[in-house]
2 protein chains.
Amino acid sequence: MFSKTCEYGLRAVIFIAQQAKTNKKVSISAISEAIDSPQAFTAKVLQQLTKHKIVQSIKGPFGGFFIEEKNLKTISLSHIVQVLDGDGIYTGCGLGLQQCNDKEPCPLHFKFINIRENLKKMLENTTLLELSSDKNIANYYLKN
Amino acid sequence: MFSKTCEYGLRAVIFIAQQAKTNKKVSISAISEAIDSPQAFTAKVLQQLTKHKIVQSIKGPFGGFFIEEKNLKTISLSHIVQVLDGDGIYTGCGLGLQQCNDKEPCPLHFKFINIRENLKKMLENTTLLELSSDKNIANYYLKN
DNA sequence: ACAATAAAAGACAATAATATCTTTTATTGT
DNA sequence: ACAATAAAAGATATTATTGTCTTTTATTGT
Ligand code: FES
Ligand code: FES
């Protein structure tokens, strides 16, 4: 469904968001351990997310990655996926036709766009605020 | 969503199915032209599908690929996806956790499994019989 | 038997995704 | 100023995916 880049990115951002209340910054080593991902690769992913202002970072001692608490409700998973995987998942044809539209639809088009739209809406409606609630932190896992 | 292998495979099988009524066999060159895919690569994909009995093939003059008309209603798109992409799309975690289950769910689990299940059901309910109807052939495209 | 046709099979090539390693830059405290 | 810390940036390596090319095998008609 998503690329490894995107999977690590989503998990990393969720983890960072979950520390936002305590205003704690988290290091790349803490993140990659928490989400069980390759450290150097995850660092690259976070570089992209920092450039796109999804997370913020500070260098040096006591530095690390963080998200301001006030931003949690405006950052949705769809935004993160868009940055890391592009919008192919939101607009692309299920059978790989170069363009997907109602005018020259593939045989799967009208069934596929429903699924695609449901996925899109689900990601749009899921914000970091929701995912960083105490209830969420207690009940869900970022690695296994 | 799907690999290129799977996209070409789905389009190829749909095209072959659409010729099943006339009992016509289709060559790999006819297929790759009809669905606008790289010929040699598509041939490899069809090799896999032939091994898995989704399509049949005959070598030599007047040979080619075909599907028996009586099989159209039992072959679903989910079967083809399963063969070419495996069942990761049906059982895998949206955030890439090694295993997806209700006991140790990722933060997206209960939202994601709905989408995943809808996709699975859609593919299961879509048979080659439906996709090879005259109405379907008239209204939908396999390339653009 | 022979030539022509077409898929199967195997080998190879190019590209993209994933992953790691090294060097640089910014920040902090001494 | 200096050493320590941690992310940014750049370079490189590995693997998987996508794509092509050549040889072999099966089938058909002459
Ligand atoms: S054209 Fe294929 S999904 Fe829209
Ligand atoms: S555990 Fe992530 S989708 Fe089920």
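Quick notes on the rules
Residues numbered from 1 in each chain as written. Chains lettered and ligands numbered in written order. Predicted model: local features only at pLDDT ≥ 70, side-chain atom pairs only at ≥ 80, totals over all residues. Heavy atoms only, no water. Least-squares fit on C-alpha atoms with pLDDT ≥ 70 in both. Contact = heavy atoms within 4.5 Å. Near = heavy atom within 4 Å. Polar contact = N/O pair within 3.5 Å; in protein donor to acceptor, adjacent residues only side chain to side chain. Helix = DSSP H or I, 4+ residues; strand = E, 2+ residues; numbered from the N terminus. Nonpolar A, V, L, I, M, F, W, Y, C, P; charged D, E, K, R; others polar.

**As for the relation of the copies chain B and chain A**
- Between chain B and chain A, which share one sequence, the superposing operator has a rotation angle of 180 degrees and an axial displacement of 0.0 Å; the RMSD is 0.0 Å. Interpreted geometrically, this transformation is the action of a two-fold axis. Among all residues of chain B, the minimum C-alpha distance to the rotation axis is found for M1(B), at 2.5 Å.
- Interface overlap between copies is the fraction of interface residues in one copy that are interface residues in the other; for chain B against chain A it reaches 100%, indicating a shared surface.

**Quick word on the protein's contact with DNA strand C**
- For DNA strand C, the set of nearby residues contains 25 residues, the closest of which are P38(A), P61(A), S27(B), K44(B) and S57(B).
- The sugar-phosphate backbone supplies 60% of the atoms of DNA strand C found within 4 Å of the protein.
- The backbone of K4(A) places a nitrogen or oxygen atom 3.1 Å from a phosphate oxygen of DNA strand C.
- Q47(B) has a polar side-chain atom sitting 3.1 Å from a base nitrogen of DNA strand C.
- Mapped onto the surface near DNA strand C, the elements with two or more residues apiece are α1 (4–18) and α3 (39–51) of chain A together with α3 (39–51), β1 (56–58) and β2 (64–66) of chain B.
- The greatest single-element share of the surface near DNA strand C, amounting to four residues, is contributed by α3(B).
- Looking at side-chain class alone, the surface near DNA strand C contains ten nonpolar, nine polar and six charged residues.

**Digging into the protein's contact with DNA strand D**
- The immediate surroundings of DNA strand D are formed by 25 residues, with I28(A), K44(A), S57(A), P38(B) and P61(B) found nearest.
- Backbone atoms, meaning sugar plus phosphate, form 60% of the atoms of DNA strand D positioned within 4 Å of the protein.
- P61(A) has a polar backbone atom sitting 3.4 Å from a base oxygen of DNA strand D.
- For the surface near DNA strand D, the elements supplying multiple residues, two or more each, are α3, β1 (56–58) and β2 (64–66) of chain A together with α1 (4–18) and α3 of chain B.
- Tallying contributions element by element places α3(A) first for the surface near DNA strand D, with four residues.
- Grouping the constituent residues of the surface near DNA strand D by class yields ten nonpolar, nine polar and six charged.

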